[in-house]
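# Structural description and commentary
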Amino acid sequence: MWAKNKHASGFTIVELLIVIVVIAILAAVTIVAYNGITARANDAAVQSDLKAAASKMEMYKVDNNRYPVSEGEKISLELRVSKQAYNTTAYTSDGIDGSNLMYCYNNTSGQSYALA
């Protein structure tokens, strides 16, 4: 009949479970690291966009001796950030202005502003 092999090969269930647990831990570490890298890349892109917007604002001030104050002036600069992860749709008294960048200016002096 069937003879038992003294040197049977194969893995036990415990060994297979250990391998599965190790693979799961490695996958979890990889996912966490990927999410951190993605968040840092998004932050860098938004910071770059804000620097570009600030540069446009300064060029506008050189040309007009003040920062833009009306909606038309702000829209003409096309100030936008590109990362949708930071989408903060701006609302005006007329409704949505289509921008995902917040701009505030000093109404009394017109010589300072904030971008967010």
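Preceding block: the structure.
Residues numbered from 1 in each chain as written. Predicted model: local features only at pLDDT ≥ 70, side-chain atom pairs only at ≥ 80, totals over all residues. Heavy atoms only, no water.

For the rest of this paragraph, the subject is the overall build of the protein chain. The helix and strand inventory of the protein chain stands at two helices and four strands. Counting the 116 residues in the protein chain, one finds 16% classified as buried. Across the protein chain, the fraction of contacts at a sequence separation of at least 24, relative to all contacts at a separation of at least 6, is 43%. A total accessible area of about 9,100 Å² is found for the protein chain, and carbon and sulfur atoms account for 63% of it. (Helix = DSSP H or I, 4+ residues; strand = E, 2+ residues; numbered from the N terminus. Buried < 20%, exposed > 50% of the residue type's maximum accessible area, 1.4 Å probe, protein only. Contact = heavy atoms within 4.5 Å. Areas by Shrake-Rupley, 256 points an atom, 1.4 Å probe, with all protein chains shown as cover.)

For Met-57, the location among the structural elements is in helix H1 (residues 13–64). Spatially, the C-alpha atoms of Met-57 and Leu-115 are 9.8 Å apart, while their sequence positions differ by 58 residues.

Across its 52 residues, H1 extends 76 Å between first and last C-alpha, which sits within 8% of the 76 Å expected from 1.5 Å per residue. The elements touched by buried residues of H1 are helix H2 (71–76), strand S3 (103–105) and strand S4 (113–115). Positive backbone phi, at 65 degrees, marks Asn-65, one or two positions downstream of H1. (Expected span 1.5 Å × (residues − 1).)

Keep in mind these numbers describe shape, not what the thing actually does.
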